[in-house]
Amino acid sequence: MSYVTRTRIYPVDPHQPAPGIIDIAAQAIRDGRLVAFPTETVYGLGAKATDADAVARIFAAKQRPTTDPIIVHIASVAALEGVAVDVPALAYTLAAQFWPGALTLVLRRADLIPANVSAGRTTVAVRMPDHSVARALIEAAGLPIAAPSANTFSRPSATTAAHVLHDLEDHVDVILNGGAARIGLESTVLDLTGSVPIILRPGGVTLEALRTVIPNLQVRERFRAADETADSPGELLRHYAPNAALYLLVGDVEQVNRYMRDHSAALRLQGVRVGILAPDEEADAFRGDGVPVVALGSRGDLAGIGHGLFAHLREIDRLNVDVILIRAFPREGLGAALWDRLVRAAEGRVIDVR
Ligand code: TXA
Ligand code: MG
């Protein structure tokens, strides 16, 4: 049973949100209710970060395991002191360069932040989003806002208000509709609490950009099987998954596309419904034979493909296919985040056709 009677949706100007609307949403946050709001990465499902009961509602609404910690969102660097303690100088250096933006820092948790936000850990993940609506909401609420991505657990993240409504209708009080999220992939999660800074999740701020500030940066290999006890629960392999079984194909573009055409023909002979996700330039080659194809954007534009990825996963799912085929993209820059999300959407079904 949900505590929400009926979800209220308000359109907001993503650049200059009307204060009246922000005040309604901020009041809901202060009352311990859930508000979904746009950020530059994906939509967040927000609650008062200082209120364990409000935070518990996030887990319930998303059907998220309480072992998976949540990011706390702030509107100024100064607010960092309220949510974290023993903040290293490196955090301020990174904040000066990358905030507001798609970088989440894992730090030591302050007492003000209840333990359930961090799934019982002594750390807290913190981010200042680069979105006027998100920051206006945090400022008007006068509190840090805990917010995971606003999707049902293990589904593709929500990059539009329509996605939020689809997953969370009547489980979220207020949805602020500020249009499509600009980046479309979640933030980079960087842990600063260990002996060496380590990326726990690649995201909107690239590894290459971070290495200019942190030359000894480490990256955690995080593709674990779902039944393993995850060190950071975000590591669970099953994540961002469409209903259909997605296969991620690795190799030379020509080879992969030939494999995809042959394989989809063979599967269809067996009565398996196949859908294909392909860049614009390659999509036509798969059309015909009645195979549903969703175009991902131009293949040279990884940012564009990242922007639409979750929406396209949801779109192809609606076509009721059993199997989805997609090729891998180069892993540099934003490509690292794309690769990560696709491996997870594929639940490890990665086929090397070489
Ligand atoms: O871009 C984003 O990060 C979006 C927007 C809404 O800010 N949020 C988001 O939240 O993607 P979520 O909950 O879907 O993913 C948060 C990730 C998870 O992988 C979680 O395990 C990790 O951050 N995380 C959160 N707190 C952590 C902590 N204290 N230690 C280690 N990992 C943590
Ligand atoms: Mg998420």
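Overview of the structure. Fair warning: this is a prediction, and the values are worked out from it, not measured in the lab.

**Looking at the overall build of the chain**
Looking only at helices and strands, the chain features 11 helices and 17 strands. Its C-alpha atoms give the chain a radius of gyration of 20 Å, within 12% of the compact-globule value 20 Å for 354 residues. Projected onto its principal axes, the C-alpha positions of the chain cover 60 × 50 × 40 Å. Here the chain, with 354 residues, has 55% of them falling under the buried criterion.

**Quick notes on the pattern of salt bridges**
In total, this model carries 16 salt bridges according to the counting rule given. Among the salt bridges present, the one from arginine 341 reaches glutamate 186, with a minimum N-O distance of 2.7 Å. Of this pair, arginine 341 sits in helix H11 (residues 335-345) while glutamate 186 is found in the loop between strand S9 (174-177) and strand S10 (188-191), placing the two residues 155 residues apart along the sequence. The pair arginine 341 / glutamate 186 is uniform in exposure class, with both members buried. Two residues, glutamate 347 and arginine 349, come together in a salt bridge whose shortest N-O distance is 4.0 Å. Residue classification places glutamate 347 among the partly exposed residues on the basis of a relative accessible area of 29%.

**Focus on the site of ligand 1**
Around ligand 1 lies a shell of 24 residues, among which Thr41, His73, Ser149, Ser187 and Arg201 are the nearest. A distance of 2.5 Å separates an oxygen atom of ligand 1 from a polar side-chain atom of serine 187. Between ligand 1 and arginine 201, the relevant distance is 2.8 Å, taken from an oxygen atom to a side-chain nitrogen or oxygen of the residue. Relative to its unbound accessible surface of 680 Å², ligand 1 loses 96% to contact with the protein. The element that contributes the greatest number of residues to the shell around ligand 1 is strand S7 (residues 123-127), accounting for 4 residues. Looking at the shell around ligand 1 residue by residue, the classes come out as 11 nonpolar, 8 polar and 5 charged.

**Section: the pairing of strand S6 (residues 103-109)**
Burial within S6 is extensive, with 6 of its 7 residues counted as buried. Two strands pair when backbone bridges link them, and strand S5 (residues 84-85) and S6 are joined in this way by 2 bridges, in the antiparallel orientation. Pairing of alanine 84 across the sheet is with arginine 109, part of S6. Relative to S7, S6 runs antiparallel, the two sharing 4 bridges. From the neighbouring strand, arginine 108 faces S7, where its bridge partner is threonine 123.

**Remarks on the side chain of arginine 327**
Here arginine 327 is to be found in strand S16 (residues 323-327). Classification of arginine 327 as buried rests on a relative accessible area of 7%. At a separation of 2.9 Å, a polar atom in the side chain of arginine 327 contacts the side chain of glutamate 282. Beyond its immediate sequence surroundings of up to four residues, arginine 327 is in contact with Leu248, Leu249, Val253, Val256, Asn257, Met260, Pro279, Glu282 and Arg299.

**Here we look at the sheet that holds strand S14 (residues 274-278)**
The strand order across the open sheet built from 5 strands is S15-S14-S16-S13-S17, with neighbouring strands paired in parallel fashion. Bordering the open sheet on either side are strand S15 (293-295) and strand S17 (350-352), each of which pairs with just one other strand. Here the average twist between neighbouring strands, direction ignored, is 25°. Two strands pair when backbone bridges link them, and strand S13 (residues 245-250) and S17 are joined in this way by 3 bridges, in the parallel orientation. Across the sheet, leucine 248 pairs through a bridge with valine 350, a residue of S17. Relative to the sheet, helix H8 (residues 253-269) contacts S13, S14, S16 and S17, its axis offset from that of S16 by approximately 170°. Contacting S13, S14, S15 and S16, helix H10 (residues 302-317) runs over the sheet at an angle of about 160° to S14.

Rules of the game
Residues numbered from 1 in each chain as written. Chains lettered and ligands numbered in written order. Predicted model: local features only at pLDDT ≥ 70, side-chain atom pairs only at ≥ 80, totals over all residues. Heavy atoms only, no water. Helix = DSSP H or I, 4+ residues; strand = E, 2+ residues; numbered from the N terminus. Rg over C-alpha atoms; globule rule 2.2 N^0.38 Å. Buried < 20%, exposed > 50% of the residue type's maximum accessible area, 1.4 Å probe, protein only. Salt bridge = Lys/Arg side-chain N within 4 Å of Asp/Glu carboxyl O. Near = heavy atom within 4 Å. Polar contact = N/O pair within 3.5 Å; in protein donor to acceptor, adjacent residues only side chain to side chain. Areas by Shrake-Rupley, 256 points an atom, 1.4 Å probe, with all protein chains shown as cover. Nonpolar A, V, L, I, M, F, W, Y, C, P; charged D, E, K, R; others polar. Pairing = 2+ DSSP bridges. Contact = heavy atoms within 4.5 Å. Axes fitted to C-alpha atoms, helices over the stretch in contact; angles between N-to-C directions.

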